[in-house]
Amino acid sequence: MKLPPLEYVAPTSVAETVALLAQAQGDAKIISGGQSLMPMLAFRLASPKILIDLRHVPDLDRITVGDDGVTLGAKVRWVDIEQDLRLRTAHPLLADMIKHVAHYQIRNRGTVGGSLAHADPAAEMPAIAVTCDAALEIAGPEGSRTVPAASFFIGPLLAALGPSDMIVAVRLPAWPARRRRGLAEFARRKGDFAMAGVALFYDLDADGRMEDPHVGAFGVADTPLRLREVESVLAGKKPEPAVFARAVETCRASVDPPSDIHADSDYRRALLGTMLEQAMLQAERQSRDDA
Ligand code: FAD
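Attention here is on the structure that accompanies the text. Just so you know, these numbers come straight off a predicted model, no measurement behind them. Along each chain, numbering runs from 1 in the same order as the chain's sequence is written. Confidence filtering applies because this is a predicted model: local features only for residues at pLDDT of at least 70, side-chain atom pairs given and counted only at 80 or more, and all residues used for totals across whole chains, interfaces and linings. As a rule here, side-chain values cover all heavy atoms of the structure and leave hydrogens and water aside.

Section: the pattern of salt bridges
Note that side chains of opposite charge can pair when their charged atoms are close.
(1) Moving on: The term salt bridge refers to a pairing of a side-chain nitrogen on Lys or Arg with a carboxyl oxygen on Asp or Glu at a separation within 4 Å. Per the stated rule, a full pass over the model turns up 17 salt bridges.
(2) Moving on: A salt bridge links R62 to D59; the nearest nitrogen and oxygen atoms lie 2.9 Å apart.
(3) Moving on: Only protein chains enter the accessibility calculation, which uses a 1.4 Å probe; a residue whose area is less than 20% of its type maximum is buried, one above 50% is exposed, and one in between is partly exposed. Under the relative-accessibility criterion, R62 is labelled partly exposed at 49%.
(4) Moving on: The class for D59 is partly exposed, based on a relative accessible area of 45%.
(5) Moving on: One network of salt bridges, with partners in common, ties together D133, R226, R228 and E231.

Some thoughts on the sheet that holds strand β10 (residues 166-173)
(1) Moving on: For two strands to be treated as a pair, DSSP must find no fewer than two bridges joining them. Strands are runs of DSSP state E lasting at least 2 residues, helices are runs of H or I lasting at least 4, and numbering of each runs from the N terminus. Overall, antiparallel pairing links the 5 strands, which are arranged β4-β5-β10-β6-β7 in an open sheet. A strand with exactly one partner marks an edge of an open sheet, and here the two such strands are β4 (63-66) and β7 (143-148). Across the sheet, the mean angle separating the axes of adjacent strands is 20 degrees when strand polarity is ignored.
(2) Moving on: When strand β6 (residues 135-140) meets β7, the two strands line up antiparallel, connected through 6 bridges. Paired with E137 across the bridge in β7 is T146.
(3) Moving on: Here helix α1 (residues 14-24) sits on the sheet in contact with β6 and β10, set at roughly 130 degrees to β10. Between the N-to-C directions of two axes lies an angle of 0 to 180 degrees, each axis being a line fitted to C-alpha atoms and, for a helix, fitted only over the stretch in contact. Two residues form a contact once any of their heavy atoms are found within 4.5 Å.

A short note on the site of the ligand
(1) Moving on: Taken together, 31 residues lie near the ligand, and I30, Q35, S36, L37 and T111 sit nearest.
(2) Moving on: Measuring from an oxygen atom of the ligand, one finds a backbone N or O atom of G33 at 2.8 Å.
(3) Moving on: Two N or O atoms count as a polar contact when they lie within 3.5 Å, although within protein this holds only if one can serve as hydrogen donor and the other as acceptor, and sequence-adjacent residues are included solely when both atoms are side-chain atoms. At 2.7 Å from a nitrogen atom of the ligand is found a side-chain nitrogen or oxygen belonging to E124.
(4) Moving on: Using a 1.4 Å probe, accessible areas were evaluated by the Shrake-Rupley method; residue-level cover was limited to the displayed protein chains. For the ligand, the protein covers 89% of the area, taking 970 Å² as the surface of the free molecule.
(5) Moving on: Secondary-structure elements contributing two or more residues to the shell around the ligand are β2 (28-31), α7 (112-118) and β10.
(6) Moving on: With 5 residues, α7 is the single largest residue contributor to the shell around the ligand.
(7) Moving on: The classification used treats Ala, Val, Leu, Ile, Met, Phe, Trp, Tyr, Cys and Pro as nonpolar, Asp, Glu, Lys and Arg as charged, and all other residues, Gly among them, as polar. Looking at side-chain class alone, the shell around the ligand contains 15 nonpolar, 13 polar and 3 charged residues. A molecule or strand has a residue near it when one of that residue's heavy atoms lies within 4 Å.

Side note on helix α8 (residues 124-131)
(1) Moving on: In terms of residue burial, α8 counts as a mostly covered element, since 8 of its 8 residues are buried.
(2) Moving on: Those residues of α8 lying buried are E124, M125, P126, A127, I128, A129, V130 and T131.

Let's talk about the environment of G273
(1) Moving on: Along the chain, the position of G273 falls in helix α12 (residues 265-290).
(2) Moving on: Considered as a pair, G273 and V198 are 75 residues apart in the sequence and their alpha carbons are 8.8 Å apart.
(3) Moving on: With sequence-adjacent residues up to four places away left out, G273 is seen in contact with V248, C251 and R252.

None of this, on its own, says anything about what the molecule does.
Here it is in structure tokens:
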């Protein structure tokens, strides 16, 4: 279908964007990469009167790497992450994520801010944000605020954003050298959204035990999840087959995925356990490679 008739504006600052959103009183939508919004407009799943294009808002396309972590501006595209060699060491989990995100054409346009705002429970970036204790910088009519990723995703395609709010950036805490990581997902076709996926990381203490494990899941609930019970199983243990088996069992018992046309709940639950096992094996192989 063709797009509905729309007014189009292209502001030149964050403040102007927020003012335009506020003026429109809920009748405007930001467009960033357009990879989710354009189909939604075409299918009339969104019908704003005004489209606010971020293309002329400066500085939102920056990737900043510092001692305190990595900050991605809202307009950073998947391809920017893919091509930024600093991220291979500054945040390898983020770098690993890219090979699972969509197809080249979509990665060339799709942005971090668009993905976080769209809040697809099967998308990788929201899951990485939740797993890594990221914080979102949001600009709104009352000024700027920081929202932890853990409380940002509140339902399928639903985020803690008011009608006049915009995402400015997301900050991921620093990634220590030698941190272990794993990312596994299953999709029927390469580049499709995940049917189930796991992202995880941990550090190893002097005895080779897993310290402060973080385990996230996507595609299995209304929002990306932290699998806290699985984290408890892993914490303080050596990465060994018996521990992995108990973690997989706990993982499957701790989720209640929805059924849909792609897979029923039991299949997704089983698949998530397998993805967890694969992610743990990836992380364990890094330990052996370093030994
Ligand atoms: P847009 O489409 O421009 O916007 C999406 C929503 O976010 C809109 O509601 C818009 O108003 C809002 N928005 C945008 N920017 C901001 C902002 N700064 N502040 C507040 N609100 C904002 N994604 C994955 O993660 N994994 C996949 O495997 C995957 N596969 C895909 C396959 C296909 C065929 C397609 C079409 C898309 C796929 N995507 C996938 C989605 C893609 O990665 C996009 O990046 C993502 O949908 C949104 O980014 P965008 O910049 O295109 O946002």
